[in-house]
Amino acid sequence: MKITFLGAADTVTGSRHLLTLGEQRLLLDAGLFQGYKTLRERNWAPLGAPAMQLDAVLLSHAHLDHCGYLPALRRQGFRGPIYTTSATRDLCEVLLRDSAHLQEEDARRANRDHSSRHEKALPLYTLREAEACLKQFATPPRDGRLRLGDTDVRFTPAGHLLGASSVHVSHGGRSLLFSGDLGRVNDLLMPVPQVPAGADVVLVESTYGNRQHPAEDVQQRLAQILRNTFKRGGTVLLPSFAVGRAQALLLVLQRLRRSGELAADVPIWLDSPMAEQATEITLKHAKLLRIPAGEARSLTDGVRYVTKAAQSQKLAASLAQSRARPAIVISASGMATGGRVLNYIEALAPQARHHIAFPGFQAGGTRGARMIAGEREVKMHGQWVPVNAEISHLDGFSGHADADGLMQWLRALPRAPEQVFVVHGEPAAADALRSRIQHELGWSVRVPSHGETVTL
């Protein structure tokens, strides 16, 4: 058994781990690199192994830093199956199409504005390639187990996101467990991660490897932000991941309305067609949630949808007017790296009466990370926009297990592994988790390097 770390080995994005099992080659995740430009440029490089020689992809869940590279993999010649849960497959259908659309729009804009350093800007992949890639998806039986030649694969629910799983692989008497992204014990929507089978080797994520979630009531924190902002006549903008985070925000806002802490006449705008579709998928798979079916069905009660790009621009401009009525806007993307949320940041950020609250993790190098770090200018569409609005980080909405949660998951494993590799974390987070595993559990553990191959 060999592992080659092709992504998420020195950063928190671009999850890609190649398993070589005799003649068989399996790729754990195929994610996009996000954040700093040096990382994003890796998306344009070949995988690091011949894509056409891959036998299959085993996909942990539907966030773009885990699935967003799949159409690019197809462009390089991959034609094998992509195994994942049915809920993940449904979410990927929305996410990959949207990602391809944004890739094409960015290329068109760069060519129109002559802002590319290339003679002609091209998308990383097209909508046609994304749709072709979706035909390669396959789901394991209901028990999450499948057999690929001499290899046994098992998907175990990991919390975090609808359909998210840890992936256990057994071959030739040896076994490997890939955590995927692990959810938190008290997640608003998702149940506690299930304990998977033990393994000789464990790959564990470390997104929050050096942090604890704040011991705060996120519902009351958001209620306070709404009250304070509405008093000064401002709007609250919630840049949100369309999948998972938007639904959690809708859940809390509906609870605030039912409790009377949010007035019924305050409009809630959902400006993300992808979030609207993801909410429908969430309701389709409501049995996977920890909330009652009735509460799930009420997520969008009274919510106003923004369906067209022109509507988005018009709403953003109207909310920026001095006499505009206070409102709540949920829009993607969650780290403000692109999408319609930029319309609102451009319109609202210069004005002090508004509030921009980022619910969840912000990868280094993203606009979201820079804004919560206190930068007073952000660049969008080639222009610098002043940031005078109040900025908050609602860390309590994160769907990731924190450092204690990661250690709890590791301690619950049926047996101690021979080796642990800490992946999917910024360098400081990954090393902090490595240190805790070494000193508290006494296990052999290290952080791999990007491109490194380990023979087990």
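Residues numbered from 1 in each chain as written. Predicted model: local features only at pLDDT ≥ 70, side-chain atom pairs only at ≥ 80, totals over all residues. Heavy atoms only, no water.

1. A word on the overall build of the protein
Then, number 1: When helices and strands are tallied, the protein shows 14 helices and 22 strands.
Then, number 2: Computed over the C-alpha atoms, the radius of gyration of the protein is 22 Å, within 12% of the 23 Å expected from 2.2 N^0.38 for a compact globule of 456 residues.
Then, number 3: Taking the principal axes of its C-alpha atoms as reference, the protein extends roughly 70 × 55 × 40 Å.
Then, number 4: The 456 residues of the protein split such that 59% are buried.
Then, number 5: Taking the contacts inside the protein whose residues are at least 6 apart along the sequence as the reference set, 75% of them involve residues at least 24 apart.
Then, number 6: Element-wise, carbon and sulfur atoms account for 49% of the exposed surface of the protein, whose accessible area totals about 18,400 Å².
Then, number 7: With 53 positive and 44 negative side-chain charges, the protein shows a separation of 4 Å between the mean positions of the two kinds. (Helix = DSSP H or I, 4+ residues; strand = E, 2+ residues; numbered from the N terminus. Rg over C-alpha atoms; globule rule 2.2 N^0.38 Å. Buried < 20%, exposed > 50% of the residue type's maximum accessible area, 1.4 Å probe, protein only. Contact = heavy atoms within 4.5 Å. Areas by Shrake-Rupley, 256 points an atom, 1.4 Å probe, with all protein chains shown as cover. Lys, Arg positive; Asp, Glu negative; His and termini not counted. Charge placed at Lys NZ, Arg CZ, Asp CG, Glu CD.)

2. Remarks on helix α4 (residues 86-113)
Then, number 1: When the terminal C-alpha atoms of α4 are compared, their 41 Å separation across 28 residues agrees well with the 40 Å that a helix rising 1.5 Å per residue should span.
Then, number 2: Cys-92 marks where α4 bends most, by close to 25°.
Then, number 3: Positive backbone phi, approximately 55°, marks His-114, located one or two places after α4. (Expected span 1.5 Å × (residues − 1). Bend = angle between axes of the 7 residues up to and from the residue.)

3. Observations regarding helix α10 (residues 309-319)
Then, number 1: Regarding α10, the residues found buried are Ser-312, Leu-315, Ala-316 and Leu-319. Relative to the axis of α10, the buried residues are bounded by an arc of 100° and lie together on one face. What points out from α10, more than 90 degrees from its buried face, is the exposed set Ala-310 and Lys-314.
Then, number 2: Of the surrounding elements, those touching the buried residues of α10 are β13 (268-271), β15 (328-331) and α11 (341-348). (Arc of directions from axis to C-beta.)

4. Focus: the nonpolar core
Then, number 1: By size, the foremost hydrophobic cluster in this structure holds 73 residues, and its most contacted members are Leu-70 and Leu-73.
Then, number 2: With eight residues, helix α7 (residues 245-259) is the largest single contributor of residues to this core.
Then, number 3: Apart from the residues lying within four places of it in its own chain, the contact partners of Leu-73 are Leu-27, Ala-30, Leu-47, Ala-51, Leu-54, Val-57 and Phe-78. (Core = buried A, V, L, I, M, F, W, Y, C linked by side-chain atoms within 4.5 Å.)

5. Focus on the environment of Arg-227
Then, number 1: The topology assignment puts Arg-227 in helix α6 (residues 218-231).
Then, number 2: Judged by its relative accessible area of 39%, Arg-227 falls in the partly exposed class.

6. Overview of the sheet that holds strand β14 (residues 304-305)
Then, number 1: Taken in spatial order, the six strands of this open sheet run β14-β13-β15-β12-β16-β19, and their pairing is parallel. Looking at the sheet topology across the chains shown, the edges are occupied by β14 and β19 (390-393).
Then, number 2: Pairing between β13 and β15: four bridges, direction parallel. Bridging from a neighbouring strand, Trp-269 pairs with Val-329 of β15. (Pairing = 2+ DSSP bridges.)

7. Brief notes about unusual backbone geometry
Then, number 1: A cis amide bond links Ala-332 to the next residue, Ser-333, at an omega of 20°.
Then, number 2: Among the secondary structure elements, Ser-333 is positioned in the loop between β15 and α11.
Then, number 3: The phi dihedral of Asp-29 falls on the positive side, at around 70°, and the residue is not glycine.
Then, number 4: With respect to the helices and strands, Asp-29 occurs in the loop between β3 (24-28) and α1 (37-40).
Then, number 5: Even without being glycine, His-424 reaches a positive phi, approximately 55°.
Then, number 6: On the secondary structure map, His-424 appears in the loop between β20 (419-423) and α14 (427-441).
Then, number 7: Overall, His-424 belongs to the buried group, its relative accessible area being 3%.

8. Side note on the packing of aromatic side chains
Then, number 1: In this structure the tally under the stated criterion is two aromatic pairs.
Then, number 2: When the centroid spacing of 5.2 Å and the interplanar angle of 55° are considered together, the rings of Phe-5 and Phe-421 count as tilted. One end of the pair, Phe-5, is in strand β1 (residues 2-7); the other, Phe-421, is in strand β20, with 416 residues separating them in the sequence. Residues Phe-5 and Phe-421 agree in their burial class; the two are buried.
Then, number 3: In this arrangement the basic side chain of Arg-16 is found over the ring face of Tyr-69, its NZ or CZ atom lying 3.5 Å from the centre. (Phe/Tyr/Trp six-rings, centres within 6.5 Å; stacked < 30°, edge-to-face > 60°. Lys NZ or Arg CZ within 6 Å of the ring centre and 35° of its normal.)

9. Let's talk about the pattern of salt bridges
Then, number 1: Inspection of every chain in the model, using the stated rule, returns 22 salt bridges.
Then, number 2: Put simply, Asp-90 and Lys-284 hold a salt bridge, and the shortest N to O gap is 2.9 Å. Taken together, the residues Asp-90 in helix α4 and Lys-284 in helix α8 (residues 273-284) connect sequence positions 194 residues apart.
Then, number 3: You can call Asp-90 buried: its relative accessible area is 13%.
Then, number 4: Residue Glu-375 is joined to Arg-370 by a salt bridge in which the shortest nitrogen-to-oxygen separation is 3.9 Å.
Then, number 5: A residue is classified by how much of its surface remains accessible, and Arg-370, at 27% relative accessible area, is partly exposed. (Salt bridge = Lys/Arg side-chain N within 4 Å of Asp/Glu carboxyl O.)

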